[in-house]
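Listed below, chain by chain, are the residues.
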Amino acid sequence: MTDLSTPIDDRHRRPAHPAQAPLLRLEGLGFAHRGRTLLHDVSLTLPPRGRTLILGPNGAGKSLLMRLAHGLLAPSSGRIHWQTHSSGRPLRQAMVFQRPVMLRRSALANLTYALAAQRVPWRRRRGLAAAALERFGLGGLADRPARVLSGGEQQRLALARAWALAPEVLFLDEPTSALDPASIREVEAAVLAFHGQGTHVLMSTHDLNQARRLADDVVFLHEGRVVEHAPAERFFAEPRTPLARAFVSGELIW
Ligand SMILES: Nc1ncnc2c1ncn2[C@@H]1O[C@H](COP(=O)(O)OP(=O)(O)OP(=O)(O)O)[C@@H](O)[C@H]1O
């Protein structure tokens, strides 16, 4: 992967919002499907800065929580309050999924399409898209149909697409679970790069070591409930609940 240390453009540099307001407040959020409650009464306040890792075993409700917060699903109960710009404009958000979702067009066109959807003027789209592909080492694959790229390349393409959008909030839903160790390292480097540009990262994982490497704060979920929410250092050093203690010590809890 190419150097990720410099911003793609000034949209990444702009301080988006008042430093002290919480990024996100969830109040009694619930989600039920066909009479089954899958997420129970989640109340959380996320700090204005940093990387939040949503940690928990398979089926804990991590993806559900992220999809609800991102607005892809409507909650059955509760409220979601996002920080906004002082003008009231919502924060720009992007999401990268476990299995990348690519349109049936070239790698480059997947990015220019996303930029068009975000109403970036057409004159800028191609340049931003090409720069993002270069940053993620995909410059040589710009004209290749996105869906024929390997799994690792598609995940890098999904990250490049997110990068081109200069999001203020980035959701990553288990982005490394289908990847080999080298690709995992690239995704983790990208997480740090997004963070370095001032993007709030919300990422789900069931991988304890990945959470240790990346988290500023941890939301620990189990069976659709938030069991603990704490700064990462405290969570890993002194988990306060028996479930979190068992998970942190590597015991299988599912
Ligand atoms: N859109 C949906 N409609 C109905 N049920 C859903 C929906 N999304 C997820 N579920 C169910 O909710 C539960 C939690 O799923 P979720 O994908 O959030 O877990 P997860 O913690 O992300 O797990 P994994 O680590 O395996 O991805 C599961 O039983 C799943 O089948």
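Residues numbered from 1 in each chain as written. Predicted model: local features only at pLDDT ≥ 70, side-chain atom pairs only at ≥ 80, totals over all residues.

### Comments concerning helix α2 (residues 107-117)
For step 1, the next point in the chain: Within the sequence span of α2, burial applies to Ala107, Leu108, Asn110, Leu111, Thr112, Ala114 and Leu115.
For step 2, the next point in the chain: Its buried side turned inward, α2 meets α3 (122-135) and α4 (151-164).
For step 3, the next point in the chain: Positive backbone phi, approximately 60°, marks arginine 119, located one or two places after α2. (Buried ≥ 20, exposed ≤ 12 C-beta atoms within 10 Å, placed from the backbone. Helix = DSSP H or I, 4+ residues; strand = E, 2+ residues; numbered from the N terminus. Contact = placed C-beta atoms within 7 Å.)

### Focus: the pairing of strand β7 (residues 200-205)
Regular strands have side chains that alternate between both faces of the sheet.
For step 1, the next point in the chain: Of all six residues in β7, six are buried; the element is thus mostly enclosed.
For step 2, the next point in the chain: Side chains His200, Leu202 and Ser204 of β7 all project onto a buried face; the interleaved residues Val201, Met203 and Thr205 project onto the opposite face, where all are buried too.
For step 3, the next point in the chain: Note: strand β3 (residues 51-55) against β7, five bridges, orientation parallel. Bridging across to β7, arginine 51 finds its partner in valine 201.
For step 4, the next point in the chain: Handedness of the crossover joining strand β6 (residues 169-173) and β7 through helix α5 (residues 181-196): right-handed. (Pairing = 2+ DSSP bridges. Right-handed = clockwise from strand over helix to strand, strands pointing away.)

### A few points about the site of the ligand
For step 1, the next point in the chain: If you check the shell around the ligand, you find 14 residues, and the closest are His33, Asn58, Lys62, Ser63 and Leu64.
For step 2, the next point in the chain: Here the shell around the ligand takes three residues from helix α1 (residues 62-70), the largest share from any one element.
For step 3, the next point in the chain: When the residues that make up the shell around the ligand are grouped by side-chain class, the tally is four nonpolar, eight polar and two charged. (Near = placed C-beta within 6 Å. Nonpolar A, V, L, I, M, F, W, Y, C, P; charged D, E, K, R; others polar.)

### Considering the sheet that holds strand β2 (residues 36-46)
For step 1, the next point in the chain: One open sheet accounts for three strands, arranged β2-β1-β4; its pairing is antiparallel. With one partner strand each, in any of the chains shown, β2 and β4 (77-82) form the two edges of the open sheet. On average, each strand axis in the sheet is tilted by 20° relative to the strand beside it, whichever way the strands run.
For step 2, the next point in the chain: Across seven bridges, the pairing between strand β1 (residues 24-33) and β2 is antiparallel. Its bridge partner being in β2, phenylalanine 31 is matched across the sheet by leucine 39. (Axes fitted to C-alpha atoms, helices over the stretch in contact; angles between N-to-C directions.)

### Thoughts on the domain arrangement of the chain
For step 1, the next point in the chain: Segmentation of the chain into domains returns domain 1 (49-75 + 82-92 + 167-254) and domain 2 (103-166).
For step 2, the next point in the chain: The straight-line distance from the C-alpha centre of domain 1 to that of domain 2 is 25 Å.
For step 3, the next point in the chain: On the domain 2 side, the residues contacting the eleven residues of domain 1 number eight residues.
For step 4, the next point in the chain: With four residues, the top contributor of residues to the side of domain 1 that touches domain 2 is α5. (Domains from an automatic or database assignment.)

### Digging into the environment of histidine 222
For step 1, the next point in the chain: Tracing the backbone through its elements, the reader meets histidine 222 in strand β8 (residues 217-222).
For step 2, the next point in the chain: You can call histidine 222 buried: it has 21 C-beta atoms within 10 Å.
For step 3, the next point in the chain: Here the alpha-carbon distance between histidine 222 and leucine 39, two residues 183 residues apart in the chain, equals 9.6 Å.

### Details of the nonpolar core
Generally speaking, nonpolar side chains in soluble globular proteins are found buried as a group.
For step 1, the next point in the chain: Ala160 and Ala164 are the most contacted members of the largest nonpolar core, which has 65 residues in total.
For step 2, the next point in the chain: Looking at which domains feed residues into this core, each of domain 1 (49-75 + 82-92 + 167-254) and domain 2 (103-166) supplies at least three.
For step 3, the next point in the chain: Discounting chain neighbours no more than four positions away, the residues touching alanine 160 are Leu111, Ala132, Leu133, Arg135, Phe136 and Leu138. (Core = buried A, V, L, I, M, F, W, Y, C linked by C-beta atoms within 7 Å.)

### Brief notes about the UniProt feature "domain: ABC transporter" (unreviewed entry) in the chain
For step 1, the next point in the chain: Mapped onto this numbering, the UniProt entry annotates "domain: ABC transporter" (unreviewed entry) at residues 24-248.
For step 2, the next point in the chain: Between the end C-alpha atoms of residues 24-248 there is a gap of 26 Å, over a span that is 37% helix and 27% strand. (UniProt positions renumbered as here; feature names shortened; annotations may be inferred.)

### Brief notes about the sheet that holds β6
For step 1, the next point in the chain: Spatially, six strands are ordered β5-β6-β7-β3-β8-β9 in an open sheet, and the strand pairing comes out mixed. Single-partner strands in this sheet number two, and they are β5 (93-96) and β9 (225-231). For this sheet the average axis-to-axis angle between neighbouring strands, irrespective of direction, equals 15°.

### Quick look at the packing of α3 against α4
For step 1, the next point in the chain: Packing of α3 against α4 brings their axes to within 9 Å, and their N-to-C directions diverge by 135°. Looking at the two axes, α3 sits oblique to α4. The chirality of how α3 crosses α4 is right-handed. Residues Leu128, Ala129, Ala132, Leu133 and Arg135 of α3 lie in contact with α4, whose contacting residues are Ala160, Trp163 and Ala164.
For step 2, the next point in the chain: When its residues are assigned to classes, the contact of α3 with α4 shows seven nonpolar, no polar and one charged. (Parallel < 35°, antiparallel > 145°, perpendicular 65-115°, else oblique. Left-handed = near helix turned anticlockwise from the far one by under 90°.)

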